[in-house]
Amino acid sequence: MKHLTLLRHAKSSWKDPDLDDFNRPLNKRGRQNAPFMGRRLAVLGEAPEVIISSPANRARRTTELVASALHYKKSAIKLEPRIYDAGVETLIKLVNQLDDAWQRVMLVGHNPGLTDLAKALTHCDLDNIVTCGVVKIEFDAISWSNIQCNSGRLLFYDYPKKKH
């Protein structure tokens, strides 16, 4: 079994209109929600073996805050430029190239790519992964190269404002 967790970056700041999209930081709510979701994932026992993040500032910072709450070493986070501004095809190719030694992988990125990926892999009717939202998908596969559209099963969708 393979498990893929998709995490959309936390809320970003639009304070500086001259700042390039790639460099936008998290806003106050984003800086609060990321560790909150990390702690929630830790309580659920949802620590991945590897975390792969878009290198965009808001995604990278979200990853660092979530990873810290999961007691995952910041130095072990892998940055993957292909995640930034990626569509479904690119993201599926990235998933297909993951190391088969890993059973539980977290990808941290952006919309609409992550929402479209979750829909494509699970055929779920998820409208939108909200900021700092987490989707976990399970695959009955021994190799990441076997992952394709409609091959996954949505295990859960969680987000900061969801009532438990």
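On a predicted model such as this, the values are computed, not experimentally measured, just so you know.

S.K.: I'd like to hear about empty space enclosed by the protein, residue by residue, with values.
M.R.: Enumeration over the complete set of coordinates arrives at 1 cavity of 30 Å³ or more. For the largest cavity, the calculated volume is near 50 Å³. Considering the residues around the largest cavity, the lining is formed by His-3, Thr-5, Glu-46, Ala-47, Pro-48, Arg-104, Val-105 and Lys-136. Only strand 1 (2–8) and strand 4 (104–109) provide two or more residues apiece to the lining of the largest cavity. Here the residues of the lining of the largest cavity sort into 3 nonpolar, 2 polar and 3 charged.

S.K.: Hey, could you go over unusual backbone geometry for me, with residue numbers and the actual values?
M.R.: Residue Pro-112 follows Asn-111 across a cis peptide bond; omega there is 10 degrees. Along the chain, Pro-112 falls in the loop between strand 4 and helix 4 (113–122). Phi at Asn-150 is positive, roughly 60 degrees, even though this residue is not glycine. Mapped onto the elements, Asn-150 comes out in the loop between strand 5 (134–139) and strand 6 (152–158).

What counts, and where the lines are drawn
- Residues numbered from 1 in each chain as written.
- Predicted model: local features only at pLDDT ≥ 70, side-chain atom pairs only at ≥ 80, totals over all residues.
- Heavy atoms only, no water.
- 1 Å grid on protein atoms, 1.4 Å probe; cavity = no way out; pocket = protein on both sides within 12 Å on 5 of 7 lines; lining within 4 Å.
- Points joined across faces, edges and corners; volume = space filled by probe spheres on them.
- Helix = DSSP H or I, 4+ residues; strand = E, 2+ residues; numbered from the N terminus.
- Nonpolar A, V, L, I, M, F, W, Y, C, P; charged D, E, K, R; others polar.

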